[in-house]
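Spelled out from the first residue to the last, the chains are:
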Amino acid sequence: MSGIVVFGAGGRAGRAVTAEARARGYTVTAVVRDPARYPDLDAEGVTVVRGDVTDPGSVGRIAAGHAGAVHAVSPFSGPEQGFDTLDPGFFVKAADALLDGLAAAGVGRLVAVGLGANLLGADGRPVMDDPLAFPPEIRPFAQAHTAGLHRLRERGDGPVDWVMLTPAGHLEHGGARTGRYRVGGEQLPGDDREPWLSYADLAVALVDEIEEPVRHRTRVSVFNLREDKG
Ligand SMILES: NC(=O)c1ccc[n+]([C@@H]2O[C@H](COP(=O)([O-])OP(=O)(O)OC[C@H]3O[C@@H](n4cnc5c(N)ncnc54)[C@H](OP(=O)(O)O)[C@@H]3O)[C@@H](O)[C@H]2O)c1
């Protein structure tokens, strides 16, 4: 079984997808910017390497020989961080580097993590455009993320078969792995049940789409509904 390369392996989604992939028997190449900061990632079946998701050369060198790649990188980990250093072009650069680097390396599958803020609310607007539903101060990050999705769509006909899985609603760190998730479209799921997803179930969905690709060159939402818990 060939391995999976995980960009952003030191983060919450990256750790969850690394654990899920290992549990299913895949080897993982865990890409971080500074391996010295992540001694705990080193484990059987996991090779920690230095890399930058915005550098196509770095992506290509690291990705060669893998069955697929996961993009779980974020330059923004929470509101406390602020936006002074946010590059609005970050996710576009990452999309270009991944599509170019993976193509050069002959890796045909990319599964990326999206952002629920660009799903559509009940009024048809992206959630991030509704200040009552989404904190306006986080909008620059949501716009940067959305630009990355647009770039994937613009370049959708290339050799890399990508899919973006967008968690709808709250993404719960430390939430249980149920092994289940629902798949939706552009609309935020909105009946009277609250959408949510644990990072562990996001990881199940990400590895599923590498193991057996079902969606191609598109983005979908992934979620559970509160009563699904447990
Ligand atoms: N409900 C939702 O829609 C929702 C909620 C949360 C997160 N998300 C999305 O899920 C994805 C993963 O988020 P997360 O919560 O796992 O983030 P996280 O815990 O902050 O991890 C992100 C990782 O990206 C790495 N990184 C940053 N810049 C990099 C670069 N240039 N090259 C390689 N790695 C880089 C960081 O590691 P270093 O700094 O050490 O390099 C960090 O470990 C993101 O796209 C995020 O926006 C969606």
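Note that this is a predicted model, so its numbers are computed, not measured.

Asks: For this particular structure, what's the right way to read the pattern of salt bridges?
Replies: One side chain can pair with another of opposite charge once the charged atoms of both are near each other. Applying the stated criterion across every chain, the model contains 21 salt bridges. The partner of Arg 151 in a salt bridge is Asp 96, with the nearest N and O atoms 2.5 Å apart. Taken as a pair, Arg 151 in helix H4 (residues 139–154) and Asp 96 in helix H3 (residues 90–105) lie far apart in primary sequence, 55 residues in all. Residue Asp 96 is classed as buried on the basis of its relative accessible area, which comes to 18%.

Asks: Hey, could you run me through the site of the ligand in this one?
Replies: What surrounds the ligand is a group of 25 residues, the closest being Arg 33, Tyr 38, Ser 77, Gly 116 and Tyr 199. Between an oxygen atom of the ligand and a main-chain N or O atom of Ser 74, the distance comes to 3.2 Å. When isolated, the ligand has an accessible area of 910 Å², and the protein chains bury 90% of it. Only helix H1 (12–23) and H4 provide two or more residues apiece to the shell around the ligand. The residue makeup of the shell around the ligand, split by class, is 12 nonpolar, 9 polar and 4 charged.

Asks: It is not clear to me how the environment of Asp 100 should be interpreted in this structure. Could you clarify?
Replies: If you trace the backbone, Asp 100 turns up in helix H3. Look at Asp 100 and you get partly exposed, because its relative accessible area is 37%. Each C-alpha atom of the pair Asp 100 and Gly 158 lies 9.2 Å from the other, and the pair is 58 residues apart in sequence. Once residues lying within four places of it in the same chain are set aside, the contact partners of Asp 100 are Pro 56 and Arg 155.

Asks: Can you help me understand the environment of Gln 143 in this one?
Replies: Checked against the element boundaries, Gln 143 lands in helix H4. When its relative accessible area of 39% is taken as the criterion, Gln 143 is described as partly exposed. Note: C-alpha distance between Gln 143 and Pro 88 (55 residues apart in sequence) is 7.6 Å.

Asks: Quick question: what am I supposed to make of the pairing of strand S1 (residues 4–7) here?
Replies: Within a regular beta strand, the side chains point alternately toward one face of the sheet and then the other, so they alternate between its two faces. Side chains of S1 alternate between two faces, with Ile 4 and Val 6 and Val 5 and Phe 7 buried alike. Bridging between S1 and strand S2 (residues 28–32) involves 4 bridges; their strand directions are parallel. Bridge pairing links Phe 7 to Val 31 in S2. A crossover connection joins S1 to the parallel S2 through H1; in handedness this β-α-β unit is right-handed.

Asks: Is there a simple way to explain the packing of H3 against H4 in this structure?
Replies: For any two helices packed against each other, one specifies the crossing angle of their axes together with the interaxial distance. Where H3 meets H4, the axes come as close as 7 Å, and the angle between the chain directions of the two elements is 30°. Between H3 and H4, the crossing angle belongs to the class labelled roughly parallel. As H3 runs across H4, the sense of the crossing is right-handed. Contacts from Phe 91, Val 92, Ala 95, Asp 96 and Leu 99 of H3 reach H4 at Phe 141, Ala 144, His 145, Ala 147, Gly 148, Arg 151 and Leu 152. Of the residues belonging to the contact of H3 with H4, the class tally is 8 nonpolar, 2 polar and 2 charged.

Asks: What exactly am I supposed to notice about the packing of aromatic side chains here?
Replies: We describe a pair of aromatic rings using the distance from one ring centre to the other and the angle between the two ring planes. As enumerated under the stated definition, the model contains 3 aromatic pairs in all. Ring centres 4.7 Å apart and planes at 40° place the aromatic pair Phe 76 and Phe 141 in the tilted group. With a gap of 65 residues between them, Phe 76 in the loop between strand S4 (68–71) and H3 and Phe 141 in helix H4 connect regions that are remote in the sequence. No difference in accessibility class separates Phe 76 from Phe 141, as the two residues are buried. Of the aromatic side chains, those joined through ring pairs into one cluster are Phe 76, Phe 90, Phe 91 and Phe 141.

Asks: What exactly am I supposed to notice about the nonpolar core here?
Replies: Side chains of a nonpolar character, in soluble globular proteins, are inclined to be buried together. Counting 37 residues, the largest nonpolar core has Phe 7, Leu 102 and Leu 110 as the members making the most contacts within it. Elements that contribute at least two residues to this core include exactly S1, helix H2 (56–63), H3, strand S5 (109–113), H4 and strand S6 (161–167). Ranked by residue count, the leading element in this core is H3, at 9 residues. Among residues more than four places away in sequence, those in contact with Phe 7 are Val 31, Val 53, Val 59, Ala 69, Val 70, His 71, Ala 72, Val 73 and Leu 98. Ranked by size, the runner-up nonpolar core spans 31 residues in total, among them Ile 4, Ala 30, Val 70 and Leu 165.

About the cut-offs
- Residues numbered from 1 in each chain as written.
- Predicted model: local features only at pLDDT ≥ 70, side-chain atom pairs only at ≥ 80, totals over all residues.
- Heavy atoms only, no water.
- Salt bridge = Lys/Arg side-chain N within 4 Å of Asp/Glu carboxyl O.
- Helix = DSSP H or I, 4+ residues; strand = E, 2+ residues; numbered from the N terminus.
- Buried < 20%, exposed > 50% of the residue type's maximum accessible area, 1.4 Å probe, protein only.
- Near = heavy atom within 4 Å.
- Polar contact = N/O pair within 3.5 Å; in protein donor to acceptor, adjacent residues only side chain to side chain.
- Areas by Shrake-Rupley, 256 points an atom, 1.4 Å probe, with all protein chains shown as cover.
- Nonpolar A, V, L, I, M, F, W, Y, C, P; charged D, E, K, R; others polar.
- Contact = heavy atoms within 4.5 Å.
- Pairing = 2+ DSSP bridges.
- Right-handed = clockwise from strand over helix to strand, strands pointing away.
- Axes fitted to C-alpha atoms, helices over the stretch in contact; angles between N-to-C directions.
- Parallel < 35°, antiparallel > 145°, perpendicular 65-115°, else oblique.
- Left-handed = near helix turned anticlockwise from the far one by under 90°.
- Phe/Tyr/Trp six-rings, centres within 6.5 Å; stacked < 30°, edge-to-face > 60°.
- Core = buried A, V, L, I, M, F, W, Y, C linked by side-chain atoms within 4.5 Å.

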